[in-house]
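# Results of the structural survey
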Amino acid sequence: MVNDAAIAREVLLDVGRFSKVGPGAPSDLWTPILGPSVLLNMEGAEHAALRRALGPIFSPRAVRELVEGRGRERAGRDPDATSPLAAMVARLDAGETVDLARVVAAQAGSVICGLVGLPPTDAAVRTSIAAAQVVTGMVRLHRRRLTTSQVAYARRVLGELTAPARDAYRAGDESTVPGRMRGLGLSEREAMGAVGAFVLTGTETVQSFVPRLLAIAYDTGWTGRLLGVEEAGSRSEVSGDDLRRRVVEEALRVTVPTPAMLRSVRADAVVGGERVSAGDRVVIATVNCCRAAGAFDPDRPVDPDVRHLWFGAGPHFCLGMPLAMAQVEAVLDALTPLAATGRRVVVGRRRPARGVLVPGYRGLELTLDGGHGRGRAVEHGQGRIVGL
């Protein structure tokens, strides 16, 4: 068990001795469900080649279009349909209370629909989210692999979810992600494996993080600065987009969207002074590695060993990070004009999610008021950060 950021980074960068393929590695969990050709369970030249092939899918323009839903009208999307974020802004502006967790789930579900080639109807979004959560919710660190019945269930659920992706791939329609994968030269097996992996690994990351980001910012008095408003009495060494980026990254460090990472030992080695043997399992407790840097403080200098560790390091650094960050930015961009009018985004009632892989909220209420100030947990001197 690795609890130190510097040691964790050494393990992640040493792909010669520590692998995602082997006993106790991610391959034990995901190969039975997704097949052998997904980035989650590959190493070496084949992994590098597939990563290069998928790269254009995650270019800035591609992820922006996917998050905004552009290019899916031909798949049956109503171009006049109100996006979840636009509906959220309208309701907040009208003085209503909004459940941010539901809004972000709908946004993430819409992106999943784009990945698999489905029009993002309400029913499709709900089905996509539920399917992904069922599969990821079965993962437990104390088990090296899923049970036979769990694998069968996960394959059935994922097969139903990605069936439209197979159709889109075969049709070759490059307005869809599977169609673009075909145009980039990926085989059908590679494309379907990649779609399944992105659906499983990317869904809960965004769903869990965005509500926690707003909760932590509110509890610590950083909401205004996160949304581009300088609050009374607040000071920071950075400003503008750089300040938003620091707040987001610091919240990622504290929430750690990938609480643990797994590696299988390929050859005898030493990890933090402890000898490990081929076949051993290394569990990197990313949550401990990242939180050891201290409490939430965007003004603190960034520890290079900790920076982005929640997304991995080296050749396995998260390929989908630009998509995740684009979804986060979309929510903040939607809220920023409201904050600019002088109204304060207020976090209200919170309900934790149960049976999920990544800790998050099942419900988190947002409202607007006309004042400025710090979140109630800090304002009332409760001495705790509720958003954590």
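## Quick word on the overall build of the chain
Counting its regular elements, the chain contains 15 helices and eight strands. The proportion of buried residues among the 388 residues of the chain is 51%. Considering only contacts in the chain between residues 6 or more positions apart, those separated by 24 or more positions represent 70%. Of the roughly 17,100 Å² that the chain leaves accessible, carbon and sulfur atoms contribute 51%.

## Structural notes on the sheet that holds strand β6 (residues 281-284)
An order of β1-β3-β6 is seen for the three strands of this open sheet, with the pairing classed as antiparallel. Unpaired on one side and paired on the other, β1 (18-19) and β6 mark the two borders of the sheet. As paired elements, β1 and strand β3 (residues 261-265) share two bridges and run antiparallel to each other. The residue of β3 that forms the bridge with Phe-18 is Val-265.

## Quick notes on the confidence of the model for the chain
On average, residues of the chain score 84 in pLDDT, and 89% of them are at 70 or above. Contacts from residues 71-80, a stretch scored under 50 in pLDDT, to residues over four places away or in other chains number 18 contacts.

## Here's the deal with the packing of aromatic side chains
Counted by the stated rule, this structure contains two aromatic pairs. With a centroid separation of 4.9 Å and 80° between ring planes, the pair formed by Phe-58 and Phe-198 is classed as edge-to-face. Placement of the pair is Phe-58 in the loop between α3 (44-54) and α4 (60-68) and Phe-198 in helix α10 (residues 188-219), with a sequence separation of 140 residues. Neither residue differs from the other here; Phe-58 and Phe-198 are each classed as buried.

## Overview of the pattern of salt bridges
Taken as a whole and judged by the stated rule, the model has 17 salt bridges. With a shortest N-O distance of 2.9 Å, Asp-369 and Arg-344 are connected by a salt bridge. A residue pair is termed long-range when its members are at least 10 positions apart, and Asp-369 in strand β8 (residues 361-369) and Arg-344 in strand β7 (residues 344-352) qualify at 25 residues. Classification of Asp-369 as partly exposed rests on a relative accessible area of 27%. Residue classification places Arg-344 among the buried residues on the basis of a relative accessible area of 15%. Salt bridges sharing partners connect three or more residues here, namely Arg-246, Glu-250, Arg-253 and Arg-300.

## Focus: the environment of Val-229
Structurally, Val-229 can be placed in the loop between α11 (223-226) and α12 (240-255). Classification of Val-229 as buried rests on a relative accessible area of 15%. Val-229 sits 108 residues away from Pro-337 along the chain, and the two C-alpha atoms are 9.9 Å apart.

## Re the sheet that holds strand β2 (residues 98-99)
Paired through backbone hydrogen bonds, the strands of a sheet run either parallel or antiparallel to each other. The sheet built from three strands is open, its strands ordered β2-β8-β7 with antiparallel pairing. Of all strands in the sheet, those bounded by a partner on one side alone are β2 and β7. Summarising the sheet, β2 and β8 pair through two bridges and their orientation is antiparallel. In the sheet register, Val-98 faces β8, and the bridge partner there is Leu-366.

## Observations concerning the nonpolar core
Counting 115 residues, the largest nonpolar core has Met-181 and Leu-213 as its most contacted members. Here this core takes 17 residues from α10, the largest share from any one element. Not counting residues up to four positions away in its chain, the partners in contact with Met-181 are Leu-54, Ile-57, Tyr-169, Leu-186, Ala-191, Ala-194, Val-195 and Phe-198.

## A short note on the pairing of β6
Side chains of β6 alternate between two faces, with Arg-281 and Val-283 and Val-282 and Ile-284 buried alike. By the bridge criterion, four bridges tie β3 to β6 in an arrangement that is antiparallel. Counterpart to Met-261 in the pairing with β6 is Ile-284.

## Here's the deal with unusual backbone geometry
Within the chain, Val-256 stands out as a residue other than glycine whose phi angle is a positive 55°. Mapping Val-256 onto the fold places it in the loop between α12 and β3. At His-308, a position not held by glycine, the phi torsion is positive, near 60°. Structurally, the position occupied by His-308 is in the loop between α13 (286-291) and α14 (321-340). Here His-308 falls in the buried class, since its relative accessible area comes to 19%.

Reading guide: rules and limits
Residues numbered from 1 in each chain as written. Predicted model: local features only at pLDDT ≥ 70, side-chain atom pairs only at ≥ 80, totals over all residues. Heavy atoms only, no water. Helix = DSSP H or I, 4+ residues; strand = E, 2+ residues; numbered from the N terminus. Buried < 20%, exposed > 50% of the residue type's maximum accessible area, 1.4 Å probe, protein only. Contact = heavy atoms within 4.5 Å. Areas by Shrake-Rupley, 256 points an atom, 1.4 Å probe, with all protein chains shown as cover. Pairing = 2+ DSSP bridges. pLDDT = per-residue confidence, 0-100. Phe/Tyr/Trp six-rings, centres within 6.5 Å; stacked < 30°, edge-to-face > 60°. Salt bridge = Lys/Arg side-chain N within 4 Å of Asp/Glu carboxyl O. Core = buried A, V, L, I, M, F, W, Y, C linked by side-chain atoms within 4.5 Å.

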